[in-house]
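As a plain string of letters, each chain reads:
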Amino acid sequence: MNPKLNLKSLSKEDIFLFIEKIGLPRYRAEQLLSWMYKRHASEIDAITEFSKDLRSNLNGIAFISNLKLVERLQSSDGTEKLLFSLEDGNTIECVLIPDEDRFTLCISSQAGCAIGCQFCLTGKSGLARSLKSYEIVDQIIAVNKIIKAETTDNKHIPTLVKGGKGGLPDKKITNIVFMGMGEPLMNFDNVVEALWRIIQFIGISKRKITVSTAGIVPKMLLLPLKAPDINLAVSLNAADNETRNRLMPINKRYAIESLISACKKYPLQSGRRITFEYVMIDGINDSPDDAHRLTKLLKGVHCKINLIPLNPHSESDFKRPPEKRVLEFQKILLNKNIRALIRESRGQDILAACGQLRAGNR
Ligand code: SF4
């Protein structure tokens with residue numbers, strides 16, 4: 001471990017205190033934040049607004065941490081999976097999903113996951129550790145830096161740069177989803193601090209950020225108090241406790257009734273809805289009865305449902321349902337005026353789809 005002070009470990013208040021303590025004017029703190037978070041400075045020497053002497057003095061006591069890119073895989077659909085290593089050698093993955101008018105980055109909040117959802121590959125390896133807030137944010141900085149370098153060279157994601165409808169005016173991540181490795185609400189304080197840094201330092205609007213949870217009820221109630229107006233997604237996957245207990249052991253701790261009650265209490269900005277993710281598994285949760293139960297369960301919840309036919313993997317016997325059953329299921333929801341979309345996870349050929357992240361542990 002580096003004995004010097006990691007400038008990225010400091011909150012906004014602490015950066016200002018640090019700058020004051022070493023006798024510099026306040027505007028230096030603003031410059032430092034901008035260089036670290038917006039201009040992707042990976043070392044103090046990259047901050048050219050600082051004099052040579054200032055950089056040398058800072059180098060004597062501090063440093064700027066970075067994630068180390070270990071591997072990049074690009075899917076045939078343009079999705080890209082990036083494997084990063086942390087200072088202690090643990091690895092995490094994030095997934096860049098380009099669309100015509102946006103770059104969405106799916107980020108990790110933990111190295112591994114302790115929740116153990118039965119359909120998810122990430123959960124199979126257990127939890128290594130939770131990420132620090134700066135490690136969460138560093139995923140965005142690292143990917144923004146790559147996008148910037150490669151779009152400048154006109155290299156990155158050809159459909160966007162060369163022929164995509166409109167392309168992106170300034171090439172950077174526009175949307176964040178906490179749906180990578182880990183359960184964000186089990187790393188609550190670091191995720192809340194990361195949310196504020198993403199909003200304040202990187203400049204991504206709250207409306208463009210979604211936190212996804214397996215249903216950590218007490219933290220779902222706390223999140224809007226600590227970080228208001230963040231979009232919430234809930235990984236639901238069953239409409240009754242018996243099936244959900246089987247698929248998601250966390251349901252034994254926070255049963256479906258308390259989960260839905262917390263969803264009803266979640267404050268929503270106008271035009272916003274809670275997103276329920278429903279991974280459809282052949283013969284487990286995909287029958288017409290399941291769909292009818294779901295319509296009853298979600299009565300009165302302002303929501304939309306993403307139906308995600310399972311991405312099978314070799315470590316599970318679960319199978320993907322036939323398309324006809326998925327369509328039938330969707331029709332039952334639509335008939336009850338529940339907004340239900342069938343979502344094909346992107347990046348399946350590179351194991352970047354929902355529930356397939358494993359940080360190189362194959
Ligand atoms: S689905 Fe999410 S919460 Fe469940 S095991 Fe996978 S990473 Fe963890």
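As the structure is a computational prediction, the values presented were derived from the model and not from experiment. (Residues numbered from 1 in each chain as written. Predicted model: local features only at pLDDT ≥ 70, side-chain atom pairs only at ≥ 80, totals over all residues. Heavy atoms only, no water.)

Focus on the overall build of the chain
Then step 1. Secondary structure assignment for the chain yields twelve helices and 14 strands.
Then step 2. At 21 Å, the chain has a C-alpha radius of gyration in line with the 21 Å of a compact globule built from 362 residues.
Then step 3. The C-alpha extent of the chain, read off along each of the three principal axes, is 70 × 45 × 40 Å.
Then step 4. Looking at the chain as a whole, 54% of its 362 residues qualify as buried.
Then step 5. For the chain, the exposed surface amounts to about 16,500 Å²; the carbon and sulfur share of it is 49%.
Then step 6. Side-chain charges of the chain comprise 53 positive and 40 negative groups, with the mean position of each set lying 4 Å from the other. (Helix = DSSP H or I, 4+ residues; strand = E, 2+ residues; numbered from the N terminus. Rg over C-alpha atoms; globule rule 2.2 N^0.38 Å. Buried < 20%, exposed > 50% of the residue type's maximum accessible area, 1.4 Å probe, protein only. Areas by Shrake-Rupley, 256 points an atom, 1.4 Å probe, with all protein chains shown as cover. Lys, Arg positive; Asp, Glu negative; His and termini not counted. Charge placed at Lys NZ, Arg CZ, Asp CG, Glu CD.)

Observations regarding the sheet that holds strand 3 (residues 68–74)
Then step 1. The sheet built from ten strands is open, its strands ordered 3-4-5-6-9-10-11-12-13-14 with mixed pairing. Of all the strands in the sheet, the pair left with one neighbour each is strand 3 and strand 14 (339–342). Between one strand axis and the next, the sheet turns through 20 degrees on average, direction left out of account.
Then step 2. With three bridges connecting them, strand 9 (residues 175–178) and strand 10 (residues 209–213) associate as parallel partners. Its bridge partner being in strand 10, F178 is matched across the sheet by V211. (Pairing = 2+ DSSP bridges. Axes fitted to C-alpha atoms, helices over the stretch in contact; angles between N-to-C directions.)

Structural notes on the nonpolar core
Then step 1. Judged by nonpolar contacts, the single largest core of 107 residues is most densely connected at F276 and L298.
Then step 2. Per-element tally for this core: the top contributor is helix 7 (residues 188–202), with nine residues.
Then step 3. Non-local contacts of F276, meaning those with residues more than four positions away in its chain, are made with V234, L236, I260, C263, L298, V301, C303, K304, I305 and N306. (Core = buried A, V, L, I, M, F, W, Y, C linked by side-chain atoms within 4.5 Å. Contact = heavy atoms within 4.5 Å.)

Here we look at the site of the ligand
Then step 1. As a structural note, the neighbourhood of the ligand is formed by C113, I115, G116, C117, C120, T122, G123 and G182.
Then step 2. Tallied by class, the residues present in the shell around the ligand amount to four nonpolar, four polar and no charged. (Near = heavy atom within 4 Å. Nonpolar A, V, L, I, M, F, W, Y, C, P; charged D, E, K, R; others polar.)

Digging into the side chain of S75
Then step 1. With respect to the secondary-structure elements, S75 resides in the loop between strand 3 and strand 4 (80–85).
Then step 2. Looking at S75, its side chain comes within polar contact range of the side chain of D77, at 2.8 Å. (Polar contact = N/O pair within 3.5 Å; in protein donor to acceptor, adjacent residues only side chain to side chain.)

Topic: the pattern of salt bridges
Then step 1. Summed over the entire model, instances satisfying the criterion amount to 14 salt bridges.
Then step 2. A salt bridge links E93 to K81; the nearest nitrogen and oxygen atoms lie 3.6 Å apart. Taken together, the residues E93 in strand 5 (residues 91–98) and K81 in strand 4 connect sequence positions twelve residues apart.
Then step 3. Among the salt bridges present, the one from E135 reaches R129, with a minimum N-O distance of 2.9 Å.
Then step 4. In the salt-bridge network here, residues are joined through shared partners; they are R72, E80 and E150. (Salt bridge = Lys/Arg side-chain N within 4 Å of Asp/Glu carboxyl O.)

In short, the description is geometric, and any link to function would need to be established separately.
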